[in-house]
Protein chains: 2
Amino acid sequence: MAKVDTSLVAHLPLFAGVTPEALDEILREARSARYPKNSAIFEQGADAQSFFLLLHGHVRAAKTTPTGEQIVVRYVAPGETFGLAMAIGAVQYPATAMAVDDSVVLIWPTSAWPRLIERFPSLAANTLQTVGTRLQESHTRILEMSTQQVEQRVAHALLRLAKQSGKKLDHGIEIDFPISRQDIAQMTGTTLHTVSRILSGWESQGLVESGRQRIILRDPHRIVVLAERSADSGARRDVSTQDRD
Amino acid sequence: MAKVDTSLVAHLPLFAGVTPEALDEILREARSARYPKNSAIFEQGADAQSFFLLLHGHVRAAKTTPTGEQIVVRYVAPGETFGLAMAIGAVQYPATAMAVDDSVVLIWPTSAWPRLIERFPSLAANTLQTVGTRLQESHTRILEMSTQQVEQRVAHALLRLAKQSGKKLDHGIEIDFPISRQDIAQMTGTTLHTVSRILSGWESQGLVESGRQRIILRDPHRIVVLAERSADSGARRDVSTQDRD
DNA sequence: TCGATAGTTTGCGATAGCGCAAAACGGGAC
DNA sequence: GTCCCGTTTTGCGCTATCGCAAACTATCGA
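Residues numbered from 1 in each chain as written. Chains lettered and ligands numbered in written order. Predicted model: local features only at pLDDT ≥ 70, side-chain atom pairs only at ≥ 80, totals over all residues. Heavy atoms only, no water.

A. The overall build of chain A, seen in detail. Secondary structure summary: chain A contains 8 helices and 12 strands in total. The C-alpha radius of gyration of chain A comes to 20 Å, within 12% of the 18 Å expected for a compact globule of 245 residues. With the principal axes as the frame, chain A shows a C-alpha extent of 60 × 45 × 35 Å. Per-residue burial over chain A gives 53% buried out of 245 residues. Contacts in chain A between residues far apart in sequence, at least 24 positions, make up 70% of those at least 6 positions apart. Between the averaged position of the 27 positive side-chain charges in chain A and that of its 27 negative side-chain charges there is a distance of 3 Å. (Helix = DSSP H or I, 4+ residues; strand = E, 2+ residues; numbered from the N terminus. Rg over C-alpha atoms; globule rule 2.2 N^0.38 Å. Buried < 20%, exposed > 50% of the residue type's maximum accessible area, 1.4 Å probe, protein only. Contact = heavy atoms within 4.5 Å. Lys, Arg positive; Asp, Glu negative; His and termini not counted. Charge placed at Lys NZ, Arg CZ, Asp CG, Glu CD.)

Structure, rendered in structure tokens:
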């Protein structure tokens, strides 16, 4: 198997504090693979035989209910790890991973993990860091779903996508992979219909420009305002009653 | 300072794979403290100077929005760690921790963490495990908030509390610390009014018995049924349109 | 070039659950 | 025992958002 070029990944947070020789050794345990657009990388419930590092492309991690509804857990950007079921002691993947663009990944066998973290403890520390960060983001998302209305949640979601995977344009930021109204609905806990209505509204105000699986934020600044406004018109959540401390 | 008895904590997942001598050394870095009911242990936004292990009592971790709304991130049960800001690389606590009962905790200075995980790598691995588990639970919660109605979410929340901190009764399970309608609302993304209505309804069906900050599940089995029923009466989420794979 | 297909838009009626208000209740402090 | 305060209950109107249906429109393959 062709060896992966060390320099491509040496700067990643995952490998912080890992010597070049160690990195070399770590990479020797991995193989790389290419997944074409719209192909599944692993399925929710399948045995977690591998964990992954995304090199190129974009991956969507989604969780499905017994009744078939889905939510998007997150979009994976290049340089990020995913499928870390083993790190959390899970035997099966808790979500499905799908390449939303042609993608290239590094793959380690799950069985290699215990040995790797034993030899290179900073791997565990670094992974703890990223998992912890994701936990925080997850809590933020819960906070938003609990306290904000749909329009604000969509605004936040798009701003996050723009920050994570935005391509700067002459005038605006384009989200750098195909994403549908349905996807955004599944990120924000609403329906594609409601997302469509919201984006239509924004489009007519010149805030965004969007089409088939494509969104450009034309006026990020005003979208930030939308995201942060605390539900001014009438319908406000009950803050006064039973306020704690 | 009085040394903490090793045997009290040796069995905790956090210390799995740690030798008694190592555990002794780890505990020497900690001090213990008692927090009376309703006292704050740390505040959201404060410098994360310590991390904690709960020995006795119950702690509520809650996140507050700029506008003052709160959500309950989780309830901490004895044996669990909390305030792990350092592990995730945060400088400040992302939430507020408050003792909901008289509580006893072990406290380590954040500054001790790097040294501890260097000397005892399994601490990092174990912590990664628990943080990963919490991340999964968090995703489950997001899934529920996205796909279920309030009554089901409340059912799930109570069942989880019962499993985590339930005291078995002759007939039923009592949640073992004071918890208000408001608290449950903040766990499920609704209002205390709606929670109150739901519990009233359940009470009249003999599912629960509840009062001031006190809830007893009288018929857990039927509550499980409630939690799992997929919104039968009419209002069902749109699964057919744009189903993936 | 022409369908076929997947994604998007939009209208309309229905409703779950919110916000507000007010009353009832329970427990602890003194 | 009584008062007071935090919690809970309940009624009522309202609206954000859903669910359904149907039309529309890019994009891709034949």
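B. Local environment of the relation of the copies chain B and chain A. Rotating chain B by 180° and translating it 0.0 Å along the rotation axis places it on chain A, where the RMSD comes to 0.0 Å. One copy is carried onto the other by what is essentially a two-fold rotation axis. Interface overlap between copies is the fraction of interface residues in one copy that are interface residues in the other; for chain B against chain A it reaches 100%, indicating a shared surface. (Least-squares fit on C-alpha atoms with pLDDT ≥ 70 in both.)

C. Structural context of the domain arrangement of chain A. All names here are of chain A. As assigned here, chain A comprises domain 1 (6-144) and domain 2 (148-228). If you look at the interface, domain 1 gives 15 residues, while domain 2 gives 14 residues. Summing both partners gives a buried area of about 1,200 Å² for domain 1 against domain 2, and 47% of it is carried by carbon and sulfur. The largest per-residue losses of area from domain 1 upon contact with domain 2 belong to His 58, Tyr 75 and Glu 144, which jointly make up 53% of the total buried on that side. Between domain 1 and domain 2 we count 2 salt bridges in total. We note a salt bridge from Arg 60 to Asp 183, for which the minimum N-O separation is 2.9 Å. Listed by contribution, the elements that provide at least two residues to the side of domain 1 that touches domain 2 are β5 (70-76) and α4 (121-147). (Domains from an automatic or database assignment. Buried area = accessible area lost by both parts, 1.4 Å probe. Salt bridge = Lys/Arg side-chain N within 4 Å of Asp/Glu carboxyl O.)

D. Region of the structure containing helix α7 (residues 192-204) of chain A. Residue and element names in this part refer to chain A. Between its first and last C-alpha atoms α7 spans 18 Å; for 13 residues at 1.5 Å apiece the expected length is 18 Å, and the two agree. When we look at burial in α7, the residues that qualify are Leu 192, Val 195, Ile 198, Leu 199 and Trp 202. For α7, the angular spread of buried residues about the axis comes to 125°, placing them on one side. Exposed and oriented more than 90 degrees from the buried face of α7 are Arg 197 and Ser 204. (Expected span 1.5 Å × (residues − 1). Arc of directions from axis to C-beta.)

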